[in-house]
2 protein chains.
Amino acid sequence: MERIILNIPGSRSEVLVGEKWESVANLLPERGVVVITDDNVKRLYGSRFPEFPVFSITPGEESKKLNTIEHLSEKLMEAGLDRDGFILAIGGGVVCDIAGFLGSIYMRGIRFAYISTTLLSQVDASTGGKNGVNAGNAKNILGNFRQPEFVICDPEMLLTLPEEEYLSGLAELIKTGVIGDEKLFEVIENSYEGIIKRDPVLMAFLVSLSVNFKASIVSEDEKETGARRILNFGHTYGHAIEMHESYVHGFAVAAGMEIATRYSRAKGFISDNEMSRIINVLNKYDLVREHDIPAELVGHYIQRDKKKTGGDIYFVFTAGIGRAQCEKIPVGEVISFYRGNKSRH
Amino acid sequence: MERIILNIPGSRSEVLVGEKWESVANLLPERGVVVITDDNVKRLYGSRFPEFPVFSITPGEESKKLNTIEHLSEKLMEAGLDRDGFILAIGGGVVCDIAGFLGSIYMRGIRFAYISTTLLSQVDASTGGKNGVNAGNAKNILGNFRQPEFVICDPEMLLTLPEEEYLSGLAELIKTGVIGDEKLFEVIENSYEGIIKRDPVLMAFLVSLSVNFKASIVSEDEKETGARRILNFGHTYGHAIEMHESYVHGFAVAAGMEIATRYSRAKGFISDNEMSRIINVLNKYDLVREHDIPAELVGHYIQRDKKKTGGDIYFVFTAGIGRAQCEKIPVGEVISFYRGNKSRH
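From a predicted model like this one, the values you see are computed outputs, not experimental measurements. (Residues numbered from 1 in each chain as written. Chains lettered and ligands numbered in written order. Predicted model: local features only at pLDDT ≥ 70, side-chain atom pairs only at ≥ 80, totals over all residues. Heavy atoms only, no water.)

Undergrad: Whenever I open this one, the sheet that holds strand β2 (residues 11-17) of chain B confuses me. Can you help?
TA: Either a parallel or an antiparallel arrangement is found when strands of a sheet pair, and the pairing is made through backbone hydrogen bonds. Residues and elements named next belong to chain B. Ordered by their spatial adjacency, seven strands build an open sheet running β1-β2-β9-β6-β5-β3-β4, and the pairing between neighbours is mixed. Since the sheet does not close on itself, it has two edges, and those belong to β1 (2-8) and β4 (54-57), each with one partner. Averaged over all pairs of adjacent strands, the angle between strand axes in this sheet comes to 15 degrees, irrespective of strand direction. Across six bridges, the pairing between strand β5 (residues 86-91) and strand β6 (residues 111-116) is parallel. Considered in β6, the bridge of isoleucine 87 is made with phenylalanine 112. The strands touched by helix α2 (residues 66-78) within the sheet are β3 (33-38), β4 and β5, with β4 carrying the most contacts at an inclination of about 165 degrees. Across the sheet, helix α3 (residues 93-105) is in contact with β3, β4, β5 and β6; its angle to β5 comes to roughly 170 degrees. (Pairing = 2+ DSSP bridges. Helix = DSSP H or I, 4+ residues; strand = E, 2+ residues; numbered from the N terminus. Axes fitted to C-alpha atoms, helices over the stretch in contact; angles between N-to-C directions. Contact = heavy atoms within 4.5 Å.)

So, in structure tokens, the structure goes:
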């Protein structure tokens, strides 16, 4: 088991990669705990949950809204949860985003922690303290930065994931390789069999590389005013594709990374060979779906993106495998590049 | 004009007491500002608001709910407000609580500031960074601690307040005198005429004493884990009375202070003379309303109170005019004292 510590002023968070999830019992207070999960996770693991009240939400992005926060807050009050209370989220990104946001605002903030059950949340959502819900058409438009006390990433839990959900997480792992860790990228390039069969030892290794990288970035820039922006590689187009095509997050990000990689080549930041390696890996795992956002809508989706500032946008390029480069680019150029390079299939 | 600075790690906030509210124009960015207000304030002052989009809510506690946050967040998105945006709240406690909470979570936190239009918000709500909304029957159950960049307290604005709203704020001023500033208490004791006619020079002086005291407490304990608890003097019973009798906040707190003062006498923390002085001031301004919460409900309301921890409650006593004392008291004793000392009228 590897323990990765995030040292952020005013808070401390640790990610336990390769830990058995049932050992959470040793990390919880004796009383005043509630579990927040979703119906799928509860069906698979609920019989072994620690013995506290369990509140289960409907799985999926649709639950990420203020109504769910309100509903759960009433449940917490009924359960008598006070300022010394503790929320344990057991689930993927949706469950952790909701429970973390609720934990950050219930009675103006109580203790909370996650057991991350999906690859996507193990490599991404659970590290860094971002939480939130959607409103209108905008993803994560209402939320906080607040670190969970701990996150358990148990690779054995990945074995019960639907194929699509597993591959969706793989896209974020590839992203981390491309922007920050060449070794991680190479292992993904060369370990197709082990990754597809979800070998727990291999996956714990990959998750720990990814969490280590993300932890170093987040410790430096918790609130995304600088270095943290590079984590959005593939996400500007990715969010637009996700909204328009309703793809699962990782597939939308994979498609977004494919265009961002071509864009990086067009800017001269990477070689043809580097571009091919990145796109080949995305295709090897069959991650890139077709997409075609009409010209008049690309701007609409991108303008809604929180990374926008004025008429320019912070766009993240790769500057070689394992390196990222963030540039302020006029929104118009970002839209044009999309229209010239949308679906290649 | 007096400038009172709150130095809290990671943020800085200043309260400008005695400043003309129209001078806010000098403190705002040139673009990306929205104004959040309520229909009453807009009717009285809207024609002189700075020229930015204005979103107005229905006045009153009923607006303090997640639905309002969702509605406003959609308005901000329509107005194109991004991470560099700025929310200016112009209103009383409800407007500032809503706008501050929204500002603290919109895109995970943008800049915001207040013009406090009521005495209650000038002396209390606007200093300290607490914000939030109600859910279920619980007040402020969802919120954050986040400091506004600045707060303008213009005593001239108090002249347009309905009598009840003005007196409600006076109750919080008396509270500050009782727990922390004997001079403030004595001025309130001895300046009945000036206070009733809302003399702007006198009121600026009283507000600045109150804000200075609160700022010193909050700077020491932003998140209410210790010293800040004393600010809840009168509020444990006060919140229960407010919920049960639907009184305006200040009147409920005044009634809560009356019992808490008797309780302080019963505990031997104050003399008969001190008790009389406090209760006489509350009566001089006709602040204490009748109340009678049935025995079986007192506990229910207090259990919902966020200050509760386990079977004990942090209860704030006065230990002489200008001094407070916070003690852990069994909930049962707090309930019994209420039943033996409820309405004395």
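From this point, the discussion proceeds with the structure in view.
Undergrad: I would appreciate a short explanation of the relation of the copies chain A and chain B in the present structure.
TA: The two chain copies are related to each other by a rotation about an axis together with a translation along it. Mapping chain A onto chain B is achieved by rotating through 180 degrees and translating by 0.0 Å along the same axis, at an RMSD of 0.0 Å. Taken together, the rotation and translation describe the operation of a two-fold axis. Scanning chain A for the C-alpha nearest the rotation axis identifies leucine 66 of chain A, at a separation of 3.4 Å. Most of the interface of chain A is mirrored in chain B, where 100% of its interface residues again form contacts. (Least-squares fit on C-alpha atoms with pLDDT ≥ 70 in both.)

Undergrad: How should I be thinking about the pattern of salt bridges in this particular structure?
TA: Think of it this way: side chains of opposite charge can pair up when their charged atoms draw near. All names here are of chain A. Across all of its chains, the model carries 32 salt bridges over all chains by this definition. In this structure, the salt-bridge partner of glutamate 22 is arginine 48, at a minimum N-O distance of 2.6 Å. Highlighted residues: glutamate 22 in the loop between β2 (11-17) and β3 (33-38) and arginine 48 in the loop between α1 (39-45) and β4 (54-57), separated in sequence by 26 residues. (Salt bridge = Lys/Arg side-chain N within 4 Å of Asp/Glu carboxyl O.)

Undergrad: Can you walk me through the interface of chain A and chain B in this structure?
TA: Where interface size is given, it is often the accessible area lost as the parts come together that is meant. Across the boundary between the two partners, chain A contributes 35 residues, which contact 35 residues of chain B. Each partner contributes to the roughly 3200 Å² buried at the junction of chain A and chain B, and carbon and sulfur atoms together form 54% of this total. Seen at the junction of chain A and chain B, the total is zero salt bridges. For the pair chain A and chain B, the interface holds 11 residue pairs in polar contact (both at pLDDT 80 or more). (Buried area = accessible area lost by both parts, 1.4 Å probe. Polar contact = N/O pair within 3.5 Å; in protein donor to acceptor, adjacent residues only side chain to side chain.)

Undergrad: Any chance you could explain the side chain of arginine 228 of chain A here in plain terms?
TA: Topologically, arginine 228 of chain A is positioned in the loop between α8 (200-220) and α9 (235-245). Setting aside residues up to four positions removed in sequence, arginine 228 of chain A forms contacts with Gly128, Lys130, Phe145, Lys214, Ile217, Val218, Asp221 and Glu222 of chain A.

Undergrad: How should I be thinking about the packing of helix α5 (residues 163-180) of chain A against helix α6 (residues 182-190) of chain A in this particular structure?
TA: Residue and element names in this part refer to chain A. Relative orientation of the contacting elements α5 and α6 amounts to 135 degrees, with a least axis distance of 6 Å. In terms of orientation, α5 and α6 fall into the oblique class. Taken as a pair, α5 and α6 cross one another with a handedness that is left-handed. Taken together, the residues of α6 that come into contact with α5 (itself represented by Leu173, Ile174, Thr176, Gly177, Val178 and Gly180) are Glu182, Leu184, Phe185 and Ile188. Taken together, the residues that form the contact of α5 with α6 break down as six nonpolar, three polar and one charged. (Parallel < 35°, antiparallel > 145°, perpendicular 65-115°, else oblique. Left-handed = near helix turned anticlockwise from the far one by under 90°. Nonpolar A, V, L, I, M, F, W, Y, C, P; charged D, E, K, R; others polar.)

Undergrad: Please explain the packing of helix α10 (residues 249-266) of chain B against helix α13 (residues 331-341) of chain B as it appears in this structure.
TA: When two helices pack together, you describe them by how their axes are tilted relative to each other and by the distance separating the axes. All names here are of chain B. Direction vectors running N to C along α10 and α13 enclose 110 degrees, while the axes themselves pass 10 Å from each other. Classified by the angle their axes make, α10 and α13 are roughly perpendicular. Residues Ile259, Arg262, Tyr263 and Ala266 of α10 form the contact with α13, whose own contacting residues are Glu333, Val334, Phe337, Tyr338 and Asn341. A per-class count over the contact of α10 with α13 returns six nonpolar, one polar and two charged.

Undergrad: How do you make sense of the sheet that holds β3 of chain A when you look at a structure like this?
TA: Residues and elements named next belong to chain A. Taken together, seven strands build an open sheet; the order of strands is β1-β2-β9-β6-β5-β3-β4 and the sheet is mixed. Each of the sheet's edge strands pairs with one partner strand only, and the pair in question is β1 (2-8) and β4. Averaged over neighbouring strand pairs, the angle between their axes works out to 15 degrees when direction is ignored. Taken strand by strand, helix α2 (residues 66-78) contacts β3, β4 and β5 (86-91), and its axis lies near 165 degrees from that of β4. On the sheet, α8 packs against β1, β2 and β9 (150-153) and is oriented at approximately 10 degrees with respect to β1.

Undergrad: What am I meant to see in the packing of aromatic side chains here?
TA: How two aromatic rings sit relative to each other is given by the distance of their centres and the angle of their planes. All names here are of chain A. Tallied over the entire structure, the rule returns 26 aromatic pairs over all chains. By the ring-pair criterion, three or more aromatic residues cluster together here, those being Tyr237, Tyr263, Phe269, Phe315, Phe317, Phe337 and Tyr338. Above the plane of the ring of tyrosine 166 lies arginine 198, whose end atom (NZ or CZ) is 4.3 Å from the centre. (Phe/Tyr/Trp six-rings, centres within 6.5 Å; stacked < 30°, edge-to-face > 60°. Lys NZ or Arg CZ within 6 Å of the ring centre and 35° of its normal.)

Undergrad: What am I meant to see in α5 of chain A here?
TA: The α-helix advances 3.6 residues per turn, and as a result positions three or four apart in sequence lie on the same side. An ideal rise of 1.5 Å per residue puts 26 Å on 18 residues; α5 of chain A measures up with 26 Å between its terminal C-alpha atoms. Of all 18 residues in α5 of chain A, 14 are buried; the element is thus mostly enclosed. (Expected span 1.5 Å × (residues − 1). Buried < 20%, exposed > 50% of the residue type's maximum accessible area, 1.4 Å probe, protein only.)

Undergrad: What should I look at first to understand unusual backbone geometry in this one?
TA: Excluding glycine, most residues fall at negative phi; most peptide bonds, likewise, are trans. Residue and element names in this part refer to chain A. Even without being glycine, arginine 198 reaches a positive phi, approximately 60 degrees. Summarising the element assignment, arginine 198 is placed in the loop between α7 (192-196) and α8. The class of arginine 198 is buried, set by a relative accessible area of 8%. Backbone geometry places aspartate 286, a non-glycine residue, at a positive phi of 55 degrees.

Undergrad: Could you clarify how one ought to interpret the pairing of strand β12 (residues 324-330) of chain A in this entry?
TA: Side-chain positions along a regular strand alternate between the two faces of the sheet. Summarising the sheet, strand β11 (residues 312-318) of chain A and β12 of chain A pair through seven bridges and their orientation is antiparallel. Paired with phenylalanine 315 of chain A across the strands is glutamate 327 of chain A, a residue of β12 of chain A.

Honestly, it's all geometry; don't read function into it.
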